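Commentary on secondary and tertiary structure
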Amino acid sequence: MAETKEYDITIIGGGPGGYVGAIRASQLGARVALVEKDRLGGTCLNRGCIPTKALAKAVEVLAEAKHAAEYGVKVSSPTVDFRKMMERKNTVVNNLVSGIEGLMKAGAIDVYKGAGRLVSPARVAVVGQELKTKKVVLATGSVPARIPVPGLDLPGVVTSDDILNLTELPKSLVIIGGGVIGMEFASIFGALGTKITVVEMLPAILPPCDEELARRYHQMARSQGIDINVSAKVKGVRQGQDSLEVVFDTAKGESVAPAQMVLVAVGRSPYTEGLGLAEVGVTMNRRAIAANEHLETNLPGVYAIGDAIGGIMLAHVASHEGEVAVENALGRRRKADYSAVPGCIFTNPEIADVGLSEKEAKDKGIPHKVSKFPFSASGRAQTMGEAQGLVKMICEEGSGKVLGVHILGPRATDLIAEAALAVRLGVTAKDLAHTIHAHPTLPETVMEAAMAQLDGAIHVRRM
Ligand code: NAD
């Protein structure tokens, strides 16, 4: 095998973990190789966060056009051009992929197109050559998980990867799994006119969410026409006479949901196939690569980050880990900091959270106080015509330290940034309440929820 250049760091995987790590390593003066078998940007950019958000925006435009008359704007009845919608989504993705390619060039990062394999802690094989390297970062991400039920290979049964390549809108869609992926697609395709049925095994959808918010969103989704079955475990998919049929067990017995298409959204599994980990002796934690808080594997000089280590499978966590891993690889000593990881769900309305939920605070026996502020009392939310939902804040009793913030409502995913900073820095409700927030803006709802921890919110009676 031909041996080429020598690197300080070789990163396998060019997603939001790997490419961010590569940029940071280059900024720190390292000679960097990035190995990627597909397009740069990984799942997030090509098959996840970005394409779905481009579609979510299209749905927002559709909703605004449909309700334009309420704002005193006359438009003729809007219709969906699904191909055009998908084209715009592709353009957004392509622009961002080009942007990352540009950043690689600017950082003098050598990008190798092909599947990387660890030959030893100091050698990585890719497309017929071996790269000599001082350090390696494994950042190979994840793939859609499968469940062991019959019928998932039938035509029309798709994953979140496949559904983003459709050229025609399905008339009906059964979604197996009421988690983040399932509910985001339910929200998008439901708004476009597809008849949606969600089948979720657990007693509630969006299992990681604060129970109250998940319950409230469940009601909103149902009022949008999304049919949701909970405590419903899928046993299999079969071909019926005119459609696919998803068979599931409920407390009342077996049930069948017919649909033109079935989306399987039951989680994601770390992807480490063909990496040569067993041969080199990398310790695994079931399917995930085992890494410590410094993102080191058991092999000195080999680090692992992102979905491949199976922790919190979020793009922004992978990016954080990418920075931490390369800094450690280049001689610094930094721990990954998971003290304030925002979670964002781009449904309609959006859901976002950071820190402890009310149940977690209870389960941990932490004396706490819960306050709430509804978007119906926000001037900005009213002007936007999006006044559903609430901000819920959990603070430590006595100290007033913000332990968690949970938001269901307009731009929740943007609003959570202030809350994440609050949780990470250990600021108090008083700090938030005494910070002047611009009027009329949505962040005032966070300030008001903090005020409700103290003497009371201004624009609402006690909730
Ligand atoms: P998930 O774990 O959030 O949800 C999967 C759901 O499928 C669970 O609720 C589970 O109970 C259900 N399920 C499993 N087996 C089932 C069966 N046989 N019948 C019925 N239901 C079943 O996983 P996901 O939604 O696939 O998302 C995967 C990962 O991607 C998660 O880590 C998620 O956080 C991440 N993600 C994040 C975002 C975001 O931050 N906006 C968006 C998409 C994905």
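Residues numbered from 1 in each chain as written. Predicted model: local features only at pLDDT ≥ 70, side-chain atom pairs only at ≥ 80, totals over all residues. Heavy atoms only, no water.

**Structural notes on the packing of aromatic side chains**
Here the structure, examined in full by the defined rule, presents three aromatic pairs. With centroids separated by 6.1 Å and ring planes inclined at 85 degrees, the aromatic side chains of Y7 and Y112 adopt a geometry described as edge-to-face. Placement of Y7 in strand β1 (residues 2-12) and of Y112 in strand β3 (residues 110-113) is noted, with a sequence separation of 105 residues between them. For Y7, a relative accessible area of 3% gives the class buried. Taken together through their ring pairs, the aromatic side chains of F82, F185 and F189 make up a single cluster. (Phe/Tyr/Trp six-rings, centres within 6.5 Å; stacked < 30°, edge-to-face > 60°. Helix = DSSP H or I, 4+ residues; strand = E, 2+ residues; numbered from the N terminus. Buried < 20%, exposed > 50% of the residue type's maximum accessible area, 1.4 Å probe, protein only.)

**Concerning the sheet that holds strand β11 (residues 227-229)**
With respect to topology, five strands assemble into an open sheet ordered β8-β15-β9-β10-β11, the strand pairing being parallel. Strands with a single pairing partner mark the edges of an open sheet, and in this sheet they are β8 (157-158) and β11. This element, helix α6 (residues 180-192), spans β9 (172-176), β10 (195-199), β11 and β15 (261-264) of the sheet and lies at about 165 degrees to β10. (Pairing = 2+ DSSP bridges. Contact = heavy atoms within 4.5 Å. Axes fitted to C-alpha atoms, helices over the stretch in contact; angles between N-to-C directions.)

**As for the site of the ligand**
Taken together, 23 residues are adjacent to the ligand, and I181, E184, E200, G267 and C344 come closest. Separating a nitrogen atom of the ligand from a side-chain N or O atom of E184 is a distance of 2.9 Å. Here a nitrogen atom of the ligand sits 2.6 Å away from a polar atom, N or O, in the main chain of C344. Starting from 850 Å² of accessible surface for the ligand in isolation, the protein chains cover 82%. Listed by contribution, the elements that provide at least two residues to the shell around the ligand are α6 and β12 (233-239). No other element matches the three residues that α6 contributes to the shell around the ligand. Taken together, the residues of the shell around the ligand sort by class into 16 nonpolar, three polar and four charged. (Near = heavy atom within 4 Å. Polar contact = N/O pair within 3.5 Å; in protein donor to acceptor, adjacent residues only side chain to side chain. Areas by Shrake-Rupley, 256 points an atom, 1.4 Å probe, with all protein chains shown as cover. Nonpolar A, V, L, I, M, F, W, Y, C, P; charged D, E, K, R; others polar.)

**Some words on the sheet that holds strand β22 (residues 368-374)**
Strands sit in the order β20-β21-β24-β23-β22 across an open sheet of five strands; the sheet is antiparallel. Sheet topology places β20 (343-345) and β22 at the edges, where each strand pairs with a single neighbour. Neighbour-to-neighbour, the strand axes of this sheet turn through a mean angle of 10 degrees, independent of strand direction. Seen against the sheet, helix α7 (residues 211-223) touches β21 (350-355), β22, β23 (390-396) and β24 (402-409) and runs at an angle of roughly 0 degrees to β24. Relative to β23, helix α14 (residues 444-451) is tilted by about 45 degrees, and along the sheet it contacts β22, β23 and β24.

**Side note on the pattern of salt bridges**
Counted according to the given criterion, the structure contains 28 salt bridges. In this structure, a network of salt bridges that share partners links the residues D210, E212, R216, E358, K362, K372 and K392. (Salt bridge = Lys/Arg side-chain N within 4 Å of Asp/Glu carboxyl O.)

**Some points on the nonpolar core**
Ranked by size, the top nonpolar core spans 48 residues in total, and within it I11, L34, M104, L118, V137, L138 and I289 carry the most contacts. Setting aside chain neighbours within four positions, we find I289 in contact with L138, T272, L277, V282, T283, M284, T297, A304, A308 and I309. Listed in part, the 38 residues of the second largest apolar core include L173, I196, M220 and L390. (Core = buried A, V, L, I, M, F, W, Y, C linked by side-chain atoms within 4.5 Å.)

**Observations concerning a nonpolar patch on the surface**
A contiguous nonpolar patch, built from Y71, V73 and V75 and spanning about 280 Å² of accessible area, is present on the exposed surface. When you line up the elements, V73 lands in the loop between α3 (49-66) and α4 (82-106). (Patch = residues over 30% accessible without salt bridge, like charges linked within 9 Å, V, L, I, M, F, W, Y side chains within 5 Å.)

**Considerations on α14**
Within α14, eight of the eight residues are buried, which leaves it mostly tucked inside the rest of the structure. Looking only at α14, the buried set comprises E444, T445, V446, M447, E448, A449, A450 and M451. Where α14 is buried, its residues contact β22, β23, β24, α12 (412-425) and α13 (429-433).

**Structural notes on the side chain of E327**
Among the structural elements, E327 can be located in helix α9 (residues 315-329). On the accessibility criterion, E327 (6% relative accessible area) is buried. Ignoring anything within four residues of it in the chain, the contact list for E327 reads R24, L28, R332 and R334.

**Description of the domain arrangement of the protein chain**
Once the domains are mapped, the protein chain shows domain 1 (2-144 + 269-329), domain 2 (157-266) and domain 3 (343-451). Each of domain 2 and domain 3 has a C-alpha centre, and these two points are 29 Å apart. With 15 residues of domain 2 in contact, the opposing surface of domain 3 contributes 19 residues. Taking both sides of the interface into account, the surface hidden between domain 2 and domain 3 amounts to around 1400 Å²; carbon and sulfur atoms contribute 65%. It is D210, L213 and M220 that lose the most area in domain 2 upon contact with domain 3, and together they represent 37% of the buried surface on that side. The tally of links between domain 2 and domain 3 comes to three salt bridges. (Domains from an automatic or database assignment. Buried area = accessible area lost by both parts, 1.4 Å probe.)

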